[in-house]
Amino acid sequence: MNAIREKIKELGLEKVYPFRSHFLQLEKHNLHYVDEGQGKPILMLHGNPTWSFYYRNLIQTFSPKFRTIVPDHMGCGMSDKPQDYDYSLETHIQNTYQLIRFLGLSKITLIVHDWGGAIGFGLVTRYPELFEKIVILNTAAYPSEHIPQRINLLRQGKFGEWLTRKWNLFAWPATFMTTTKALPKAIKAGYLLPYDSWDNRVAVARFVQDIPMERDHKTWKTLNDIESKLRSLPQPKLILWGGKDFCFNHHFFEKWVEIYPEANAHWFAKAGHYVLEDALDDVSTKIWEFIK
């Protein structure tokens, strides 16, 4: 963690990521999280291969009026990166629930992106009484046959893991394949800071391997159970979507609109998967209008 903090300083990123670090010990491993501001809580859940850095601008925007909590999932960001660990969807759901209990959160506005969608909706479908509103950003929370071939390749056993961990062929390409606007060099480096070695890329690889494309995959049932409860959730939803997403494409957007036809949905045609990088002002404004 200290090494990442030092690199943040070296890159001159203290102003864009100035947040204090907090930790929750889960068994023998430390889960890192940001906890800024006071008021009603906004819980933001990132995906793969990002970390709390993805939400840096929303934290600064909303923390003057709200309590903004952003964990780094185990193995990500400044959380510990144990090598022998169950990096499954179920584990990430349980870890985040432990954080919610530890912080005593209720009446939560949930913001989810990428894998954060499956983790977040895993929580909402089990503990709906804790959540007040939901913001959905380029994500899924149900099994799907739609997966880019390049990602499916990285799911394939030791070869896929070798590509992900040895050559960084997931986190590194994400710094230019997920946006339509070129990220500044320092911001690209910020995204990659936690994932600078074979050991530190363990969760990046495990997230990819945990995509359940087969019914006998251990996470299929978890995700299927989540999907079975999605339509019954009473919370108001806001859907904000980057239209140039090569992974979570128009199919996924239409699926969410079909599940939640009453939701306020917005399609940002020129934004990529990292919609907060390409359409930050518009997205922030829509969230303000939704939760104020």
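One can find the structure itself at the top, above this paragraph.
Residues numbered from 1 in each chain as written. Predicted model: local features only at pLDDT ≥ 70, side-chain atom pairs only at ≥ 80, totals over all residues. Heavy atoms only, no water.

Peer 1: Explain the layout of surface pockets to me, using residue names and the numbers behind them.
Peer 2: In this structure, the largest pocket spans a volume of roughly 600 Å³. Forming the walls of the largest pocket are 35 residues, and the residues nearest its centre are Ile151, Phe170, Ile211, Cys247 and Phe248. Counting only elements with at least two residues in the lining of the largest pocket, the list comes to α4 (115-126), α5 (149-154), α7 (171-177) and α9 (202-209). When residues in the lining of the largest pocket are grouped by element, the largest group, four residues, is from α5. (1 Å grid on protein atoms, 1.4 Å probe; cavity = no way out; pocket = protein on both sides within 12 Å on 5 of 7 lines; lining within 4 Å. Points joined across faces, edges and corners; volume = space filled by probe spheres on them. Helix = DSSP H or I, 4+ residues; strand = E, 2+ residues; numbered from the N terminus.)

Peer 1: Which residues make up the state of the cysteines, and what values do they have?
Peer 2: This structure, assessed with the given rule, holds zero disulfides. Considering cysteine sulfurs only, Cys247 is the nearest to Cys76, which forms no disulfide, with 16 Å between them. The buried category is assigned to Cys76, whose relative accessible area is 1%. Overall, Cys247 belongs to the buried group, its relative accessible area being 15%. (Disulfide = S-S within 2.5 Å. Buried < 20%, exposed > 50% of the residue type's maximum accessible area, 1.4 Å probe, protein only.)

Peer 1: Please set out the pairing of strand β6 (residues 131-139) residue by residue, giving values where relevant.
Peer 2: Counted residue by residue, β6 has eight buried out of nine residues, so it is predominantly covered. Relative to β6, strand β5 (residues 108-114) runs parallel, the two being bridged by seven bridges. Its bridge partner being in β6, Asp114 is matched across the sheet by Thr139. At this point the chain moves from β5, through α4, to the parallel β6, and the crossover so formed is right-handed. Direction of pairing for β6 relative to strand β7 (residues 237-242): parallel, over a ladder of four bridges. (Pairing = 2+ DSSP bridges. Right-handed = clockwise from strand over helix to strand, strands pointing away.)

Peer 1: Would you mind going over the sheet that holds β7 in detail, with residue names and values included?
Peer 2: With mixed pairing, the eight strands of this open sheet are ordered in space as β1-β2-β4-β3-β5-β6-β7-β8. Looking at strand neighbours, the two that pair on one side only are β1 (22-26) and β8 (264-268), the edges of this open sheet. Taking each pair of neighbouring strands and ignoring which way they run, the sheet shows an average axis angle of 20°. Across the face of the sheet, helix α3 (residues 89-103) comes into contact with β1, β2 (29-36), β3 (41-45), β4 (67-71), β5 and β6 while running at roughly 55° to β2. Of the strands in this sheet, β3, β5 and β6 are in contact with α4, which crosses β5 at around 145°. (Axes fitted to C-alpha atoms, helices over the stretch in contact; angles between N-to-C directions. Contact = heavy atoms within 4.5 Å.)

Peer 1: Lay out helix α10 (residues 220-230) with the relevant residues and their values.
Peer 2: Every buried residue of α10 is accounted for by Trp220, Thr222, Leu223, Ile226 and Leu230. On an axial view of α10, the arc spanned by its buried residues comes to 165°, and they lie on one face. For α10, the exposed residues set more than 90 degrees away from the buried face come down to Lys221 and Ser228. (Arc of directions from axis to C-beta.)

Peer 1: Talk me through empty space enclosed by the protein; I want residue IDs and the actual numbers.
Peer 2: Under the counting rule described, the total for this entry stands at one cavity of 30 Å³ or more. Quantified by volume, the largest cavity comes out at close to 30 Å³. As for the largest cavity, its lining consists of Pro49, Ala171, Ala174, Thr175, Tyr191, Leu192 and Tyr274. Those elements giving two or more residues to the lining of the largest cavity turn out to be α7 and α8 (185-192). With three residues, the top contributor of residues to the lining of the largest cavity is α7. Class assignment of the residues belonging to the lining of the largest cavity gives a composition of six nonpolar, one polar and no charged. (Nonpolar A, V, L, I, M, F, W, Y, C, P; charged D, E, K, R; others polar.)

Peer 1: Before we move on, can you summarise the side chain of Thr139 with the specific residues and values?
Peer 2: Note on placement: Thr139 falls in strand β6. Owing to a relative accessible area of 0%, Thr139 belongs among the buried residues under this scheme. For Thr139, the contacting residues outside a window of four places in its chain are Val112, His113, Asp114, Gly117, Ala118, Trp241, Phe248, Phe252 and Trp256.

Peer 1: Which residues make up the pattern of salt bridges, and what values do they have?
Peer 2: Across all of its chains, the model carries 12 salt bridges by this definition. Each of Glu161, Arg165 and Arg206 takes part in salt bridges that share partners, so that together they form one network. (Salt bridge = Lys/Arg side-chain N within 4 Å of Asp/Glu carboxyl O.)

Peer 1: I'd love a proper account of α3, names of residues and values included.
Peer 2: For α3, built from 15 residues, the straight-helix expectation of 21 Å at 1.5 Å per residue is met to within 8% by its first-to-last C-alpha distance of 21 Å. Within α3, burial applies to Leu89, Thr91, His92, Ile93, Asn95, Thr96, Tyr97, Leu99, Ile100 and Leu103. Trailing α3 by a residue or two, Gly104 shows a phi angle of about 65°, which is positive. (Expected span 1.5 Å × (residues − 1).)

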